[in-house]
Amino acid sequence: MSEQILRCSAEQQFQQELDALIAAETYPVPEGWRMSPRSVLTYIMGGKAGDQVITPKYMGDRRIVEICIATLVTDRALLLIGEPGTAKSWLSEHLTAAINGNSTRVIQGTAGTTEEQIRYSWNYAMLLAKGPSFDSLVKSPVYQAMETGTIARIEEISRCASEVQDALISILSEKRISIPELSQEVAAKKGFSVIATANTRDKGVNEMSSALKRRFNIVVLPTPADIQTEVEIVTTRVAQMADSFQLHAALPSQSAVERVVTIFRELRQGQTMDGKYKLKPTSGVLSSAEAISLLINSMALAGSFGSGSVTEEDLASALQGAIVKDEAKDQAAWTEYLENVMRKRGADYAALYAACREQNG
């Protein structure tokens, strides 16, 4: 049945690894957790559990992951901050999958998120028929996590209005939800916590109050430190996603991955890798996640309309769509990059340059 699901949750996709870690557990397990902090770290960073190979889910600073896990052992909530595409949601999902075996208690922060989505709402048909009761209560993911002593996730918390953010302050401080309509309070069980994510590009949209920030341990997820790490991340994720999508195309060559990552890093940083040439910034994010999507799209083109091997034309089409988001600004920046950087890089880039130039009009 799971083969028919477009995207399985982390606990479904990696169930075999999670089961192996639980079976091989030798360290103390915190109350409400399914495995020890050391086993959670192995699940995230990779390793072995008996004969089972544990694939790495996050390729980055091991100490950052240790801090995240140690935070969740205490009663502090965790806030992951970073640029788009730095795996905040990915890490949040896998942490909850390993700790609780359920990563689906999620609130997606938007301008339309209401306080009821943080606390609780009502089934109004039952409310009219029976009046206020626990049966007519619709529990939020945070409410459910408090009841079960597990972790709730809040994505893009800075996109929520200030009154919605304020609803979290008492919950994170008192570890209780008050239900005045029933003259009741729901107290959180041990193991309850919240993992929130925030995008640095959303700074100033709905600035988090200092009172709310104090309730979180804040961890900043950096962009990949070097090109080798980013190439490894992109290569691994493309292979995983291509297998699930059945794209009928061969994986892009290592050279193709390296060229895409190089282009993204240079445009993202506003200069060439050697620092000799300054570049105009583009409006797009150009993160590792965007590079992964670009290569998957190239494979889809090759598998659906080509020979099954990713060509320079496939890469060029995907690059054009990924980089030129704002026609006026981005096209000028992309044209400058093509003529002043890519054209001068010789044989390795010659075919890709020609295909990109044709796509760029």
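These lines cover the structure that appears in this document, whether it is placed above or below.

The rules behind these values
- Residues numbered from 1 in each chain as written.
- Predicted model: local features only at pLDDT ≥ 70, side-chain atom pairs only at ≥ 80, totals over all residues.
- Heavy atoms only, no water.
- 1 Å grid on protein atoms, 1.4 Å probe; cavity = no way out; pocket = protein on both sides within 12 Å on 5 of 7 lines; lining within 4 Å.
- Points joined across faces, edges and corners; volume = space filled by probe spheres on them.
- Helix = DSSP H or I, 4+ residues; strand = E, 2+ residues; numbered from the N terminus.
- Nonpolar A, V, L, I, M, F, W, Y, C, P; charged D, E, K, R; others polar.
- Salt bridge = Lys/Arg side-chain N within 4 Å of Asp/Glu carboxyl O.
- Buried < 20%, exposed > 50% of the residue type's maximum accessible area, 1.4 Å probe, protein only.
- Pairing = 2+ DSSP bridges.
- Axes fitted to C-alpha atoms, helices over the stretch in contact; angles between N-to-C directions.
- Parallel < 35°, antiparallel > 145°, perpendicular 65-115°, else oblique.
- Left-handed = near helix turned anticlockwise from the far one by under 90°.
- Contact = heavy atoms within 4.5 Å.

This paragraph deals with the layout of surface pockets. For the largest pocket, the calculated volume is near 1,400 Å³. Residue lining of the largest pocket: 45 residues in total, with R7, W90, R237, Q240 and M241 positioned closest to the centre. Those elements giving two or more residues to the lining of the largest pocket turn out to be α1 (10-13), α5 (88-100), α11 (227-245) and α13 (288-305). With 9 residues, α11 is the single largest residue contributor to the lining of the largest pocket. Residues of the lining of the largest pocket, tallied by class, amount to 18 nonpolar, 17 polar and 10 charged.

Now for the pattern of salt bridges. Pairing between side chains of opposite charge can happen when the charged atoms of each approach one another. One pass over the full model with this rule turns up 15 salt bridges. Ionic pairing is found between R176 and E185, a salt bridge with its closest N-O pair at 3.4 Å. The class for E185 is partly exposed, based on a relative accessible area of 48%. A single network of salt bridges, built from pairs that share partners, joins R62, R63 and E66.

With that settled, the discussion passes to the pairing of strand β7 (residues 151-155). Among the 5 residues in β7, 5 count as buried, and that is most of the element. Residues I151, R153 and E155 point to one face of β7 and A152 and I154 to the other, with burial holding for every one of them. Note that strand β4 (residues 106-108) and β7 share 3 bridges and pair parallel. Directly across from V106, in β7, lies its bridge partner R153. The pairing of β7 with strand β10 (residues 193-199) spans 4 bridges and is parallel. From the neighbouring strand, I151 faces β10, where its bridge partner is S193.

Interaxial distance between helix α12 (residues 254-269) and helix α14 (residues 312-323) falls to 12 Å at its minimum, and their mutual angle equals 25°. One finds that α12 runs roughly parallel with respect to α14. As for the relative orientation of α12 and α14, their crossing is right-handed in sense. Note on element contacts: α14 touches α12 through E312, L315, L319, A322 and I323, opposite A256, R259, V260, I263, F264 and L267. Here the contact of α12 with α14 is composed, by residue class, of 9 nonpolar, no polar and 2 charged.

Its identity as a non-glycine residue notwithstanding, K175 has a phi of 55°, on the positive side. Considering the arrangement of structural elements, one finds K175 in the loop between α9 (162-174) and β8 (176-179). Even without a glycine there, the phi angle at S183 is positive, about 50°. Looking at the secondary structure, you find S183 in the loop between β8 and β9 (184-187). For S183, a relative accessible area of 66% gives the class exposed.

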